[in-house]
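# Chains, contacts and geometry: an overview
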Amino acid sequence: MRVGVLGAGQLGWMLGLAGIPLGLRFRFLDPNPDSPAAAVGELVVAEYDDRKALARFVKGLDVVTFEFENVPAAALKAFEGHVISWPTPQALAASQDRLAEKSLFDRLSIPTARFAEVSSFEDLGRAVASLGLPAVLKTRRFGYDGKGQYVLRGIDEIPAAWSALGRQPLIIESFVPFERELSMIAVRARNGEVVTYPLIENHHAGGILRESIAPAPRVSPAIAQAAIEHVTRLLDKLEYIGVLTVEFFESADGKLLANEMAPRVHNSGHWTIEGSACSQFENHLRALCGFPLGSTECTGFSRMLNLIGDIPPADAVLAVPGAHLHDYGKEPREGRKVGHVTVCGATARECASRAAEIRARCGMPKD
Ligand code: AMP
């Protein structure tokens, strides 16, 4: 089968690496001629709303998928009637707008922080009065890695928050004093079967994911069960096909609140390549192509360390037992995700000490 992927970054590259052994062949579309995924398939270099290029891209494909959620409407139009594209426009629309996303969670009785729509300065004042402070003001669209957000701690900050973000549709949420951030990666097949990976614990710095721990330690059976139920309800409601990721906050009193979803393979699931029986990338492709889903069972304990800015020497990483280096082949640049390391161990303790050794050898900040 021929699979098309909109976007040819590292997620596309890892989809290609997972799919080629299954006999799949790939075509990517991306404006950047130096995209990592060019190494694993044909690359059409064009803007995402270039109709002619989209027509060329879609020719002969069996299925199309996306590497990112802000897919332009022009692209979806170009695929209509030519090829099946998953996730569906419905799922993409819900994840492109934080208000639509939180409202969908609400309708499905998936708990979230309290939230309100903000379309004017007066709305903002009213919402702060009703939600209380602290609160987080966010742009409804195109926010990622903590961009487009303002944490409001005092009433006197309202004008500054409005002048920072006020020219676009906004949402305001109560600030959640969370204990930790968790994510769940789930896959739904064409026949409606759903499988989930265990909850993952995620650590961010400067708005960027730095480390994922899988499975997340100290997860109560009630939290694990709640996450599976929430994610399955979402997948079923959206009649979703492929991998969906949901990010949660766990509060100090053991409650799970959904923060956002990503209708795609996710950075917090990179460990599944070595740490589970079937990776998120392979399972996404299996779902898309109508193949049986693979087991999501963990093969041990894993930690994924993002490589931000540049790649450490391979020999320093690989000297640590259980370490796997993934170099995306991107130009080094401050703040850019250029690769990751997954380290596996037979016990959580062994895995943690191997991760600490990698950090020390590669001059990365401590845990
Ligand atoms: P987001 O873009 O919604 O994923 O937010 C980026 C980061 O900001 C999250 O990973 C959290 O660390 C933090 N954050 C977002 N929303 C809230 C909230 N309502 N309360 C506390 N922290 C938040």
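Cut-offs and rules
Residues numbered from 1 in each chain as written. Predicted model: local features only at pLDDT ≥ 70, side-chain atom pairs only at ≥ 80, totals over all residues. Heavy atoms only, no water. Domains from an automatic or database assignment. Contact = heavy atoms within 4.5 Å. Buried area = accessible area lost by both parts, 1.4 Å probe. Salt bridge = Lys/Arg side-chain N within 4 Å of Asp/Glu carboxyl O. Polar contact = N/O pair within 3.5 Å; in protein donor to acceptor, adjacent residues only side chain to side chain. Helix = DSSP H or I, 4+ residues; strand = E, 2+ residues; numbered from the N terminus. Nonpolar A, V, L, I, M, F, W, Y, C, P; charged D, E, K, R; others polar. Buried < 20%, exposed > 50% of the residue type's maximum accessible area, 1.4 Å probe, protein only. Near = heavy atom within 4 Å. Areas by Shrake-Rupley, 256 points an atom, 1.4 Å probe, with all protein chains shown as cover.

## Let's talk about the domain arrangement of the protein
Note: interface size is frequently given as the accessible area lost on complex formation between the parts. As assigned here, the protein comprises domain 1 (2-85), domain 2 (114-174) and domain 3 (180-362). Computed over C-alpha atoms only, the centres of domain 1 and domain 3 are separated by 23 Å. On the side of domain 3, 21 residues touch domain 1, which itself brings 19 residues to the contact. Across the domain 1 to domain 3 interface the summed buried area is about 1700 Å²; carbon plus sulfur atoms make up 74%. The interface formed by domain 1 and domain 3 contains one salt bridge. A salt bridge links Glu69 to Arg264; the nearest nitrogen and oxygen atoms lie 2.6 Å apart. At the surface where domain 1 touches domain 3, the tally comes to three residue pairs in polar contact (both at pLDDT 80 or more). For the side of domain 1 that touches domain 3, the secondary-structure elements that each account for two or more residues are α1 (10-19) and β4 (63-66). Considering each element in turn, the side of domain 1 that touches domain 3 owes the most residues, seven residues, to α1. Class assignment for the residues of the side of domain 1 that touches domain 3 results in 14 nonpolar, three polar and two charged.

## Notes on the pattern of salt bridges
Enumeration according to the criterion identifies 19 salt bridges in this entry. Of the charged contacts, one joins Asp236 and Arg188 as a salt bridge, the two residues approaching to 3.0 Å between their closest N and O atoms. Taken as a pair, Asp236 in helix α8 (residues 221-237) and Arg188 in strand β10 (residues 178-188) lie far apart in primary sequence, 48 residues in all. With a relative accessible area of 12%, Arg188 lands in the buried category. Within this structure, Arg2, Arg27 and Glu42 form a network of salt bridges that share partners.

## Observations regarding the site of the ligand
Neighbouring the ligand are 14 residues; Lys138, Gln149, Val176, Glu181 and Glu260 lie closest to it. Between the ligand and Arg98 there is a distance of 3.0 Å, counted from an oxygen atom to a side-chain nitrogen or oxygen. With respect to the ligand, the backbone of Val176 contributes an N or O atom lying 2.8 Å from a nitrogen atom. Calculation on the ligand without its partners gives an accessible area of 480 Å², and the protein chains cover 88% of this total.

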